[in-house]
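Chain residues, written in single-letter form:
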Amino acid sequence: MSDAVDLTLTYAVHAALRRELAHLDRVTTAADRDPRQVLATATGWTLFKKALHAHHTAQDDALWPSLRQNLAGRPKDLALLEVMEAEHAALTPVIDAIDAALTDPGAGPLRLGQLADALTRGLAGHLEHEEETALPLVQRELTAEQWRHFSRVQAHHIDRDAPLLLPWLLDGADPPTAAGLLARLPVPAYTACTTRWIPEYAVLDRWNPGTTP
């Protein structure tokens, strides 16, 4: 395995996405409030979509193409990358359908719950598939420069939303992982994250209605 490819951030993103899927399940199965009202105005749903889009877009733009170059002549491995991209693409219409259901008077809580279940199954299955098959391939085959390029692209995709997405990523991470991720930040971002962004995020009840920034 290559020491140049550190997957700590990737696994942290996956853990955060799984955490949010659990919140989504609780919201869409609650009997005491309309889940459509919650998702329509909750920061949690907005952050989940932003984080997932940034993560998958960076992979599609910069990770899989680089890996595809290195795997020329290996059809089985190349087919795996196509599957990864197809699994990404399959999630988009489900998320769009959830958003459409939030403003459709004819789409009740049952329909929303069915869509949330489909999203949970699809994303959870993809994350597991990626961790079992694609990430070991990334660690074996990607060069240090290719990994740095991917990291830069991923950072670019979250840059505007960093004040929310960085604390979101660190939420629930074990202390060594959180410390390691913070240590990678440039000094201005580290200072802003530890002194402003994390405290502001800590008081945000992101899965309650009316919290969308």
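For the structure, check the block above.
Throughout what follows, the structure given in this document is the object of discussion. This structure is a prediction, so every number in the text was calculated from the model and none was measured. (Residues numbered from 1 in each chain as written. Predicted model: local features only at pLDDT ≥ 70, side-chain atom pairs only at ≥ 80, totals over all residues. Heavy atoms only, no water.)

A look at the overall build of the chain
Scanning the chain from terminus to terminus reveals nine helices and zero strands. For a compact globule of 213 residues, the expected C-alpha radius of gyration is about 17 Å, and the chain comes in at 18 Å, within 12% of that figure. Projected onto its principal axes, the C-alpha coordinates of the chain cover approximately 55 × 45 × 25 Å. Within the chain, the proportion of its 213 residues that are buried is 42%. Contacts spanning at least 24 positions in sequence make up 81% of the contacts within the chain whose residues lie at least 6 apart. Of the roughly 10,600 Å² that the chain leaves accessible, carbon and sulfur atoms contribute 57%. Across the chain, the 19 positively charged side chains and the 28 negatively charged ones have centroids separated by 1 Å. (Helix = DSSP H or I, 4+ residues; strand = E, 2+ residues; numbered from the N terminus. Rg over C-alpha atoms; globule rule 2.2 N^0.38 Å. Buried < 20%, exposed > 50% of the residue type's maximum accessible area, 1.4 Å probe, protein only. Contact = heavy atoms within 4.5 Å. Areas by Shrake-Rupley, 256 points an atom, 1.4 Å probe, with all protein chains shown as cover. Lys, Arg positive; Asp, Glu negative; His and termini not counted. Charge placed at Lys NZ, Arg CZ, Asp CG, Glu CD.)

Here's the deal with the layout of surface pockets
Of the pockets and cavities examined, the largest pocket occupies roughly 750 Å³. Lining the largest pocket are 30 residues; nearest its centre among them are Leu9, Ala155, Ile158, Leu166 and Leu185. In terms of residue count, helix H6 (residues 144-158) provides more of the lining of the largest pocket than any other element does, seven residues in total. A class-by-class count of the residues in the lining of the largest pocket yields 22 nonpolar, five polar and three charged. Each pocket or cavity is described by its volume, and for the second largest pocket that value is around 240 Å³. In terms of lining residues, the second largest pocket is bounded by 13 residues, among which Leu52, His53, His88, Thr92 and Ile95 are the most central. Of the residues forming the lining of the second largest pocket, the biggest block, seven residues, is contributed by helix H4 (residues 75-102). A per-class count over the lining of the second largest pocket returns four nonpolar, five polar and four charged. (1 Å grid on protein atoms, 1.4 Å probe; cavity = no way out; pocket = protein on both sides within 12 Å on 5 of 7 lines; lining within 4 Å. Points joined across faces, edges and corners; volume = space filled by probe spheres on them. Nonpolar A, V, L, I, M, F, W, Y, C, P; charged D, E, K, R; others polar.)

Considering the packing of aromatic side chains
Counted according to the given criterion, the structure contains two aromatic pairs. Ring centres of Trp45 and Phe48 lie 5.7 Å apart, and the angle between their planes is 15°; on these two criteria the pair is classed as stacked. Here Phe48 and Trp45 lie together in helix H3 (residues 43-70), a separation of three residues that amounts to about one turn. The exposure classification of Trp45 matches that of Phe48, with both residues buried. Consider the rings of Trp147 and Phe150, whose centres lie 5.2 Å apart with planes at 45°: the pair is tilted. One end of the pair, Trp147, and the other, Phe150, are both in helix H6, three residues apart, so they sit about a helical turn from each other. For the pair shown, Trp147 and Phe150 are each scored as buried. Note that Arg19 overlies the ring of Trp168, its terminal NZ or CZ placed 5.0 Å from the centroid. (Phe/Tyr/Trp six-rings, centres within 6.5 Å; stacked < 30°, edge-to-face > 60°. Lys NZ or Arg CZ within 6 Å of the ring centre and 35° of its normal.)

Observations concerning the side chain of Glu20
Assignment of secondary structure puts Glu20 in helix H1 (residues 8-29). Residue classification places Glu20 among the buried positions, given a relative accessible area of 1%. Looking at Glu20, its side chain comes within polar contact range of the side chain of Trp168, at 3.4 Å. A distance of 2.8 Å separates polar atoms of two side chains, one belonging to Glu20 and the other to Arg206. Residues within four places of Glu20 in sequence aside, it is in contact with Gly44, Phe48, Trp168, Arg206 and Trp207. (Polar contact = N/O pair within 3.5 Å; in protein donor to acceptor, adjacent residues only side chain to side chain.)

Describing the nonpolar core
Within the largest apolar cluster, 42 residues are counted, with the highest numbers of intra-cluster contacts made by Leu39, Trp45 and Leu119. For this core, the secondary structure elements donating two or more residues are H1, helix H2 (35-41), H3, H4, helix H5 (109-141), helix H7 (162-170), helix H8 (175-183) and helix H9 (187-202). Looking at this core, the element that brings in the most residues is H1, giving seven residues. Those residues in contact with Trp45, other than ones at most four positions away along the chain, are Leu24, Leu39, Ile95, Ile98, Asp99, Leu102, Leu119 and Trp207. Counting residues in each nonpolar core, the second largest holds 19 residues, with Leu63, Leu67, Ala134 and Leu142 among its members. (Core = buried A, V, L, I, M, F, W, Y, C linked by side-chain atoms within 4.5 Å.)

Here's the deal with the environment of Arg121
Along the chain, Arg121 falls in helix H5. Looking at Arg121, the relative accessible area reads 59%, which means it is exposed. Measuring from C-alpha to C-alpha, the distance between Arg121 and Leu21 comes to 9.6 Å, with 100 residues separating the pair along the chain.

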